[in-house]
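One-letter residues, chain by chain:
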Amino acid sequence: MLKRRHFASALLCSLALSSLARAGEAPLYQPSPDWVLQAQLPPSSELTANGPTVLIFDRQQRISDGSLWNYSDTAQRITSAEQLNQLANLTLSWLPDKGDLLIHELAIVRDGESLDLLAGGRTFTVIRREQALERRELTGLLTATMAVEGLRVGDILRLRASTTSKDAALSGHVQGLTPVITAPVSIAQGRLRTLWNNESDVKWKLGVSGIDAKPVRGERFTELSFPLPAPRQPEIPADAPGRFKPLPLLEVSTFADWSDVSRTMHTLFATEDLLKTDSPLIPEIRAIMRAERTPLARAQRALRLVQDQIRYLAVSMDGGNYVPQTPDETWALRYGDCKAKTLMLLAMLREMGIEAEAVLAHTELGDAAVNRLPSPGAFNHILVRAQIDGESLWLDGTGIGSRIEDIRDTPPFGNVLPLRPKGAELMKIEPRNAARPAFDLTMNMDESASVDLPAVFDLSLVLRGAGATQLNVVRSQLDSEKQREVLGRFLSRIVGNSQFGDITLSGDDQAGLMTITARGVTGSSWRWEDKTLRRTVDRSVSTITFEPDRARAAWSSIPVATPPPEARRIRTTVRLPQKGAGFRIEGEPALAARIAGYEFSRELSLDKGILTVDERIDATGTEIPASDVGTEKDRLATAKAQAPRLIAPANALRQWDVAGRDPSGATQIAAAEAVYASAIAADRDKAAPWRGRAAFRRAINDGKGALADLDKAIALEPDVDLYLMRAQLHQEQGNLKAALADADAARSLDPSSVQAVFTVANLRAETGDLPSAVDLLDQRISLGGDSRRTFQEGKADIIGRFGDPAEALALVETLMEDRPGTPTLLNMRCWIKGTREVALETATKDCTAALEVSNSPYAILDSRALVSYRLGRYDDALRDLNAVLNAVPGMAESRFLRGVVLARLDRADESKSDLAIARRIKPRIDTDYERYGIRP
């Protein structure tokens, strides 16, 4: 059946009992036909419940007198409750306008006895179940159903049945497509057998390898037979073109060749005398011709009329699988499938004097058509090919939103078959780049205050095609609140996790577009790498992966299929801090290249503190020869390595440089506050925007504002993370009692939360109740499990900070007996010795040993710097602290200690700067170090 691939919306399935009146609308109950070969298969009474689950899988078919008879014999052993549930209700489907359903046997085999389930006149119930209505198809398919009474695990269920089929639309031809089961599926006895009259010119083709099947000519029939399952098929890379992939089918056909298929199907789409002078379509055609002067514009207007004014609905009953409605019927009904839409568009174009023809296509397997047996069954779609100004235009009436700008776009159907009176061979659609982007994003970002604060953005996203169709469903079917939720999730997948102040969705039916506009806040894209702040600005080559595997000898000549033609365009502007002073571009700003099946275009500029990037990526749909795979991989890797990055100057403003308001000339903080206010107003009963603003305010050193927002968030949707966030804020502001109350609340919500337990324990110890803190950790340690070691280390750390250092070191020694050389334990021992000024002579050795085995050196370097400070080796301490802050500039402990060390070295101004930064990052850091007797 010809079907379309994509549909604008879903409809609910319907299920209705049909009143059976016509012949063919009830199953017939009769013995197996005489041509069926059963000698090799045991009767049901001799089946035994041993071996594979599938004991018999026998498929036989006969072609005769323009009809196809399919016979099936299946016996399955019920081995589980799941399988029992699947087979307890049998369903058999057939098309009553094409033929009959015949039931030969239905039995349960148990303990060597066969129980006839059709005895006593029991029959199947027949229903009309339009399972494809959600895809807008009415098939006329009837389904015979029966609840298999008494079926048990351990039983064998055997069913033998047939369907007959004769399709008048094929003009006496017959076609058949039978799936071929392949290993590793296990079948005790399996067979696929096909018969045809000796005088019939039947052709056949197997889509799998490893079967030595040859037809055997008998007295009246020629027979093709082979056992199942077929051998396991060779593995083919997923990115291979379709023609290289095995198609597990046995195809049979009486069509001589593709030209024969073309001639036969052409008669169904002939347009001669189809539109009479009184046809209601004639005024529509005349109106188009008056409004448009060029064939191209007229073709586009006709295509738009078919797409926009004829909704999709396939009616395949009463011979409608291949036979289209007439254009007048389609116009009157205002619905039709790909056949009806194609015939209507074809008739309109020819009436306008435009050369056009119908072409058969397969929406997914078109590339494999060159390997298929010629038959209409090789296709599942039909569209129009128009010839205008010497150019082929592929016009699909089932598409959506096609406009004059897109009329030259090519569908990804590979090979198609033109329908012509004298026949035609397969024709390959040569892909062309899409005229308009299906995805067109413009983002203006405000990062004018600080590189590592959340960025404020205004975006406009224009979608066309399938994306626009989906958004149109959102606009038409969802209320404003649900729209905001759906659009927010969609945009977050594009720009990163974000809070949105305003989101609007609008459509342009004239242009076939949907547009989302939004204002929001998203996380910073800046990263600290190699002692430098860097920001990736490329959104083209960096988004592409190309990793074909052609290392196997069997794959060495298989090309790589690339995605079908589609374009994306992304335009980004970034307003930089300090009016861009000192910011620079690293890498290649411009790009114009065809790499790995994509065409890339990029233009970039940095002027007056504004970075502007304009990029377009076109998937071309071309194939990459296997011999070029290595070259293309290298070219893509090179392009990625050379992709532009924005480099910040050493004095770029960081979030700790911002004191709750925008620096001179900046607008980022005020804009972010406005976005959060709008987000809160839109979702006042949800915690997320309050939580987001609390984190933002904490980042700009507005602890009071952050605390107020967390109060609101917890009142709306209390959870562990919110309580712990507020506990941290209370602790930073010196309110340890409130902090402990929140930590206890978090632990009450989730007693298993490791973070909640540690927060409670630390706050108990800090408020003077060390025994209670240790008792809590001991309780968790006694429970064992994966977190036991974590709690043991946490206990040693808390005692080391608030209790007896000798006891803490003893605990560390005990842990190291089981895990000698563990860098975290070596560092802990070094830290305890340094903070508590005990065994300093061995502390440096512990830290150095930890560094030698650790992949994360910065906390260890901080510990060693503290020991050096205790020992009066200020230059050594400074060297380690510089190494830490070069890699992790926001590490408050190292900032504070470096401020202390610099003071000892009489570098007062540098000391004050570091201390101020440390206090903004961690407000109570003086208190933490005062505990160890360390003061600036």
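Here is a short report on the structure shown in this document.

Conventions and cut-offs
Residues numbered from 1 in each chain as written. Predicted model: local features only at pLDDT ≥ 70, side-chain atom pairs only at ≥ 80, totals over all residues. Heavy atoms only, no water. Helix = DSSP H or I, 4+ residues; strand = E, 2+ residues; numbered from the N terminus. Rg over C-alpha atoms; globule rule 2.2 N^0.38 Å. Buried < 20%, exposed > 50% of the residue type's maximum accessible area, 1.4 Å probe, protein only. Contact = heavy atoms within 4.5 Å. Lys, Arg positive; Asp, Glu negative; His and termini not counted. Charge placed at Lys NZ, Arg CZ, Asp CG, Glu CD. Salt bridge = Lys/Arg side-chain N within 4 Å of Asp/Glu carboxyl O. Pairing = 2+ DSSP bridges. Axes fitted to C-alpha atoms, helices over the stretch in contact; angles between N-to-C directions. Polar contact = N/O pair within 3.5 Å; in protein donor to acceptor, adjacent residues only side chain to side chain. Disulfide = S-S within 2.5 Å. Core = buried A, V, L, I, M, F, W, Y, C linked by side-chain atoms within 4.5 Å. Parallel < 35°, antiparallel > 145°, perpendicular 65-115°, else oblique. Left-handed = near helix turned anticlockwise from the far one by under 90°. Nonpolar A, V, L, I, M, F, W, Y, C, P; charged D, E, K, R; others polar. Expected span 1.5 Å × (residues − 1). Phe/Tyr/Trp six-rings, centres within 6.5 Å; stacked < 30°, edge-to-face > 60°. Lys NZ or Arg CZ within 6 Å of the ring centre and 35° of its normal.

## Considering the overall build of the protein
Here is step 1 of the chain: Looking only at helices and strands, the protein features 25 helices and 39 strands.
Here is step 2 of the chain: Computed over the C-alpha atoms, the radius of gyration of the protein is 37 Å, more than 25% above the 30 Å expected from 2.2 N^0.38 for a compact globule of 936 residues.
Here is step 3 of the chain: On the principal axes, the C-alpha backbone points of the protein span a range of 110 × 80 × 55 Å.
Here is step 4 of the chain: Going through the 936 residues of the protein one by one, you find that 52% of them count as buried.
Here is step 5 of the chain: Restricting the contact set of the protein to residue pairs at least 6 apart, pairs at least 24 apart contribute 70%.
Here is step 6 of the chain: Put simply, the protein has 117 plus and 124 minus side-chain charges, and the middle of one group is 2 Å from the middle of the other.

## Quick look at the pattern of salt bridges
Here is step 1 of the chain: The final tally for this structure, using the stated rule, is 67 salt bridges.
Here is step 2 of the chain: Among the salt bridges present, the one from R697 reaches E673, with a minimum N-O distance of 3.1 Å. With R697 in helix α11 (residues 687-699) and E673 in helix α10 (residues 668-682), this residue pair connects regions lying 24 residues apart in the sequence.
Here is step 3 of the chain: E673 gets classed as partly exposed once you look at its relative accessible area, which sits at 21%.
Here is step 4 of the chain: Each of the salt bridges in this network shares a partner with another, and the network as a whole consists of E766, E893, K922, R924, D928 and R931.

## Comments concerning the sheet that holds strand β31 (residues 532-536)
Here is step 1 of the chain: Reading across the sheet, the four strands line up as β30-β31-β39-β34 and stay open at both edges, with antiparallel pairing between neighbours. Two strands bound the open sheet, and with one partner strand each, they are β30 (526-529) and β34 (584-586). Neighbouring strand axes in the sheet, compared pairwise and without regard to direction, differ in orientation by 40 degrees on average.
Here is step 2 of the chain: As defined by bridge partners, β31 adjoins strand β39 (residues 645-647) across three bridges and the pair is classed as antiparallel. The partner of R534 across the bridge, within β39, is I647.

## A short note on the side chain of S450
Here is step 1 of the chain: Turning to its location among the elements, S450 is positioned in the loop between β26 (439-446) and β27 (455-464).
Here is step 2 of the chain: Given a relative accessible area of 0%, S450 falls into the buried group.
Here is step 3 of the chain: A distance of 2.8 Å separates polar atoms of two side chains, one belonging to S450 and the other to D452.
Here is step 4 of the chain: At 3.2 Å, the side chain of S450 forms a polar contact with the backbone nitrogen of Q655.
Here is step 5 of the chain: Aside from chain neighbours lying at most four places away, what touches S450 is P577, L653, R654, Q655, V658 and Q668.

## Description of the state of the cysteines
Here is step 1 of the chain: Summed over all chains, the structure comprises one disulfide.
Here is step 2 of the chain: In this model, C830 is linked to C847 through a disulfide, with the two sulfur atoms separated by 1.9 Å. What sets the handedness of the C830 and C847 disulfide is the S-S torsion sign, and at about -95 degrees it is left-handed. Remark: C847 occurs in helix α20 (residues 840-853) and C830 occurs in helix α19 (residues 823-836); sequence separation between them is 17 residues. Like C830, the residue C847 is buried in the burial classification.

## Topic: the nonpolar core
Here is step 1 of the chain: Counting 47 residues, the largest nonpolar core has M265, M344, L345, M348, L349, L360 and L395 as its most contacted members.
Here is step 2 of the chain: Top element by residues in this core is helix α6 (residues 338-351). It accounts for eight residues.
Here is step 3 of the chain: If we skip the residues at most four places from it in the chain, L349 touches A299, A302, I354, A356, V384, A386 and L395.

## Some details on the packing of helix α16 (residues 770-782) against helix α17 (residues 788-802)
Here is step 1 of the chain: The geometry of α16 relative to α17 is characterised by a closest axis approach of 9 Å and an angle of 165 degrees between their N-to-C directions. With respect to each other, α16 and α17 are oriented roughly antiparallel. In this structure, α16 meets α17 at a crossing whose hand is left-handed. Residues L770, V774, L777, D778, R780 and I781 of α16 pack against R788, F791, Q792, G794, K795, I798, I799 and F802 of α17.
Here is step 2 of the chain: In terms of residue class, the contact of α16 with α17 is built from eight nonpolar, two polar and four charged.

## A closer look at the packing of α11 against helix α12 (residues 703-716)
Here is step 1 of the chain: As a packed pair, α11 and α12 sit with axes 8 Å apart at the nearest point and diverge in direction by 160 degrees. Taken together, the axis directions place α11 and α12 in an arrangement best described as roughly antiparallel. In the crossing of α11 with α12, the sense of the turn from one axis to the other is left-handed. Between α11 and α12, the residues in contact are A687, W690, R691, R693, A694, R697 and R698 and G703, G705, A706, D709, L710, K712, A713 and L716, respectively.
Here is step 2 of the chain: Across the contact of α11 with α12, the residue classes break down as seven nonpolar, two polar and six charged.

## What to know about unusual backbone geometry
Here is step 1 of the chain: Cis geometry marks the peptide bond from A183 to P184; its omega dihedral reads 20 degrees.
Here is step 2 of the chain: P229 follows L228 through a cis peptide bond whose omega is 0 degrees.
Here is step 3 of the chain: Following the sequence through the fold, P229 ends up in the loop between β16 (221-228) and β17 (249-253).
Here is step 4 of the chain: The backbone phi angle of D111 is positive, close to 55 degrees, even though this residue is not glycine.
Here is step 5 of the chain: Residue position: D111 is located in the loop between β6 (101-110) and β7 (113-116).
Here is step 6 of the chain: Backbone geometry places N701, a non-glycine residue, at a positive phi of 65 degrees.
Here is step 7 of the chain: By the element assignment, N701 lies in the loop between α11 and α12.

## Overview of α17
Here is step 1 of the chain: Taking 1.5 Å of rise per residue, the 15 residues of α17 would be expected to cover 21 Å, and the 21 Å separating its terminal C-alpha atoms lies within 8% of that figure.
Here is step 2 of the chain: On the buried face of α17, the contacting elements are α15 (754-766), α16, α18 (805-818) and α19.

## Here's the deal with the side chain of T74
Here is step 1 of the chain: With respect to the helices, strands and loops of the structure, T74 is situated in strand β4 (residues 67-77).
Here is step 2 of the chain: Within polar-contact distance, the side chain of T74 engages the side chain of R59 at 3.2 Å.

## Side note on the packing of aromatic side chains
Here is step 1 of the chain: Counted under the stated rule, the structure contains eleven aromatic pairs.
Here is step 2 of the chain: Aromatic side chains W526 and F583 sit 5.8 Å apart centroid to centroid with 65 degrees between the ring planes, which places their arrangement in the edge-to-face category. Of the two residues, W526 sits in strand β30 while F583 sits in the loop between β33 (566-575) and β34, which places them 57 residues apart along the sequence.
Here is step 3 of the chain: On the basis of relative accessible area, F583 is assigned to the buried category, the value being 7%.
Here is step 4 of the chain: Clustering of aromatic rings is evident, with ring pairs tying together W831, F896, Y929 and Y932.
Here is step 5 of the chain: Above the face of the W331 ring, R334 is positioned so that its terminal group lies 3.6 Å from the ring centre.

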